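Commentary on secondary and tertiary structure
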Amino acid sequence: MSVPPLDPGRGPASSSLVNLVADGLVLPPPSATPAPAVAGAAALRSESSAAAAVPTSEPSAVAAAAPPDIMLRSGTIEKIAAMMSSSVGEDAASHADQPKIVDLATSKGCSDPRYEHFTKRLVAHPSKEGRLVPPHLSEWTRAGRFPSPFKTNPRTLNLGLSFVSNNETILVDIIGHAQHETISREFLRCGPRETIAFHPQTVKAAIVTCGGLAPGLNTVVRELVYTLSRMYGVEEVYGVPYGYRGFYSPNHNLRRLTEDEVSSIHHQGGTVLGSSRGGFDLKLICDAVEDRGLNQLFIIGGDGTHRGAMAIYQELRARQSKITVVGIPKTVDNDFPLIDRSFGFDTAVEETQRAILCAKVEAKAAINGLGLVKVMGRASGQIAMFACLASRDVDVCLIPEIPFELAGPTGLFRCVSDLFNTQGHCVIVVAEGAGMELIDDDLRSYGTDASGNVKRPDIGLWLRARLNEHFASLGRELNLKLIDPFYMIRSLPANATDSLYCSLLGQSAVHGAMAGYSGFSAGIVNGHHVMLPMTEICNRQRTKVDVHSRMWHRVLACTNQPSLCSSPKMQPQPVAKANAAKPSTSMDPHPPVSVSPVEPPTESDTLKSPTESGTPEPSTEAGAPEPSTEAGAPE
Ligand SMILES: Nc1ncnc2c1ncn2[C@@H]1O[C@H](COP(=O)(O)OP(=O)(O)O)[C@@H](O)[C@H]1O
Ligand SMILES: O=P(O)(O)OC[C@H]1O[C@](O)(COP(=O)(O)O)[C@@H](O)[C@@H]1O
């Protein structure tokens, strides 16, 4: 594929900020430099010749990358208010699009009642720290400045209309309160930039997929290849086999990825590149990247992968390499911090519903039928929670964030008995990390996987054994069917929603890399695609279900399940603040997989037998007290 000619012409002034500058309402940045004139495509055959042709100096490159502070002249608010259409005051979404016209210092002086809410509620963070801008190559190396090929490539000419400026941000904290102002952090918006940092013919991109599978991995890979190649004219894109180790392993070669090669991969589940856990060796990876002349890395993975990507970014930056490191968040568990949701989650929930329906059918067809469905989610109950809500066929949802008891008047055994009494059957969904507080300390974990994730006993098998034992001891019939769609829900190709999401993620990642941003991940926040600095991601814990949230209350309303835990010290703690940063910023070589959100149970809490830890149940189906059962070791 030939490289589209590059043209020095400027694109249309798409940003409202540009118009405000033109109108003299917003002061331009002191060092704002017009886009450089470029001789033409021939002059850009190599980046070095292009760099010579373009009057690129370090300060101007920085100016292009770092958004200027926006200063407002006094009285500006009124002028802007007068300029804006009357519809703006009525639509919260359009407010969110215009956060920066608010000046905290002068907002009180805004007399237009239409902007009262606007100034109170949607205030961009006044400090620079609140504007979470990802690093840019120009901060440590000589970044190129080239006009985007969108301006002249006949196939993408119209895309020039959708350029995004470095001043467009998305507010993170968007819930307004009448009583006080909401000061929001901002992320830089994704999208094609007018000026790019790489000449497309010099790009040597590599894509790697790490960790567990998620629906849509191949769709992301395909979109990365297509965006690089079709939108920018990049010719060299490589796939790294089997995760991080594929960068340096003598047993595997990088695989050239062309449009033809990847055109149909989105119809397959899994990842055509292969994936793995473990194998992260910072020096070997960075040396291999430099030796192979790679200059754009697209790293698709979860929180572990991102800690690795962050380390790679930091190391390459320290080496002053002109290499961008871009992450794309992946985890089927949907517990990646900051983003609205992770790709593949929707597909996984949809597939889980099928298992739930199957459980329901089996349960209803039997005397005292119990359908038990075990789903993924070692630290977070997101899949279980959303699948329960979506299917509406579940009686009990068990998640890692909420401890539960088996015996006693509020325990699971009693709850199941009651359901048999009232409706003759029941359906339970359990997330893999749930119930760990019931399992003896020595059996709760058995080592770690190659990435350092703690291995847990199978809660589905364990619960089945306990329930069977309990009902057998009562002499009461139980027909329990354990349905384990564990790997089935993540090995599918993406559904339509996830597929679209994956495509946009791939495009966002490429636009950011071509613009010269690094150490960031493309993600969706409040419905908009943004660049999340990796520091922000790596300083946060995985997202957990907040049991005091409205979403969990919806689950309780949907399942009608009682509290399954009477012990006050085992009550779940509120999630202090969603996406709250960890106190420490240090890299954690093997991040602990936190399963229990409450203080670890003491020995007396650990289940020896249900009756030891709970009150005997007052009645059985026949009205007699249920005898105790023995809790054995997990299977
Ligand atoms: N703290 C870390 N620092 C560097 N690399 C890590 C770290 N944690 C995990 N990795 C690497 O990231 C890759 C994927 O990690 P893993 O935890 O298996 O999946 P995920 O990224 O989905 O959480 C593995 O190759 C692993 O070695
Ligand atoms: O058997 P594997 O490959 O280790 O995967 C199991 C784990 O993968 C997960 O889906 C999460 O994987 P990631 O963290 O890599 O996204 C967990 O829910 C599950 O415990």
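Refer to the structure presented above.
Summary of the structure given here. (Residues numbered from 1 in each chain as written. Chains lettered and ligands numbered in written order. Predicted model: local features only at pLDDT ≥ 70, side-chain atom pairs only at ≥ 80, totals over all residues. Heavy atoms only, no water.)

1. Section: the packing of helix H13 (residues 412–423) against helix H15 (residues 459–474)
Packed helix pairs are characterised by how far apart their axes lie and by the angle those axes make with each other. Closest axis-to-axis distance for the H13/H15 pair is 11 Å, and the angle between their directions is 65°. Taken together, the axes of H13 and H15 are roughly perpendicular relative to one another. Taken as a pair, H13 and H15 cross one another with a handedness that is right-handed. Residues Leu412, Phe413, Val416, Ser417 and Phe420 of H13 lie in contact with H15, whose contacting residues are Leu463, Arg466, Leu467, His470 and Phe471. (Axes fitted to C-alpha atoms, helices over the stretch in contact; angles between N-to-C directions. Helix = DSSP H or I, 4+ residues; strand = E, 2+ residues; numbered from the N terminus. Parallel < 35°, antiparallel > 145°, perpendicular 65-115°, else oblique. Left-handed = near helix turned anticlockwise from the far one by under 90°. Contact = heavy atoms within 4.5 Å.)

2. Brief notes about H15
Here H15 is 16 residues long and its end C-alpha atoms lie 23 Å apart, about the 22 Å a rise of 1.5 Å per residue gives. Looking at the buried positions of H15, the neighbouring elements they touch are strand S13 (369–375), strand S14 (396–398), H13, strand S15 (425–431) and strand S16 (479–483). Near the N-terminus of H15, the side chain that reaches the backbone nitrogen of glycine 460, with its oxygen 2.8 Å away, is that of aspartate 458. In the segment just after H15, glycine 475 is the residue with positive phi, at about 70°. (Expected span 1.5 Å × (residues − 1). Polar contact = N/O pair within 3.5 Å; in protein donor to acceptor, adjacent residues only side chain to side chain.)

3. Here we look at the site of ligand 2
Near ligand 2 lie 13 residues; those nearest to it are Gly212, Asp333, Glu432, Tyr487 and Arg490. The separation between an oxygen atom of ligand 2 and a polar side-chain atom of aspartate 333 is 2.7 Å. One of the side-chain nitrogen or oxygen atoms of arginine 490 is found 2.9 Å away from an oxygen atom of ligand 2. Across the complex, the protein chains shield 84% of the 480 Å² of accessible surface that ligand 2 would expose by itself. Each residue belonging to the shell around ligand 2 can be placed in one class, and the counts come to three nonpolar, four polar and six charged. (Near = heavy atom within 4 Å. Areas by Shrake-Rupley, 256 points an atom, 1.4 Å probe, with all protein chains shown as cover. Nonpolar A, V, L, I, M, F, W, Y, C, P; charged D, E, K, R; others polar.)

4. Some remarks on the pairing of strand S11 (residues 296–301)
Within S11, six of the six residues are buried, which leaves it mostly tucked inside the rest of the structure. The alternating pattern of S11 places Gln296, Phe298 and Ile300 on one face and Leu297, Ile299 and Gly301 on the opposite face, and all of these are buried. As paired strands, strand S8 (residues 204–209) and S11 are joined by five bridges and run parallel to one another. Following the sheet pairing, valine 208 is matched in S11 by isoleucine 299. Each parallel crossover has a hand, and the one from S11 via helix H10 (residues 303–318) to strand S12 (residues 324–329) is right-handed. (Buried < 20%, exposed > 50% of the residue type's maximum accessible area, 1.4 Å probe, protein only. Pairing = 2+ DSSP bridges. Right-handed = clockwise from strand over helix to strand, strands pointing away.)

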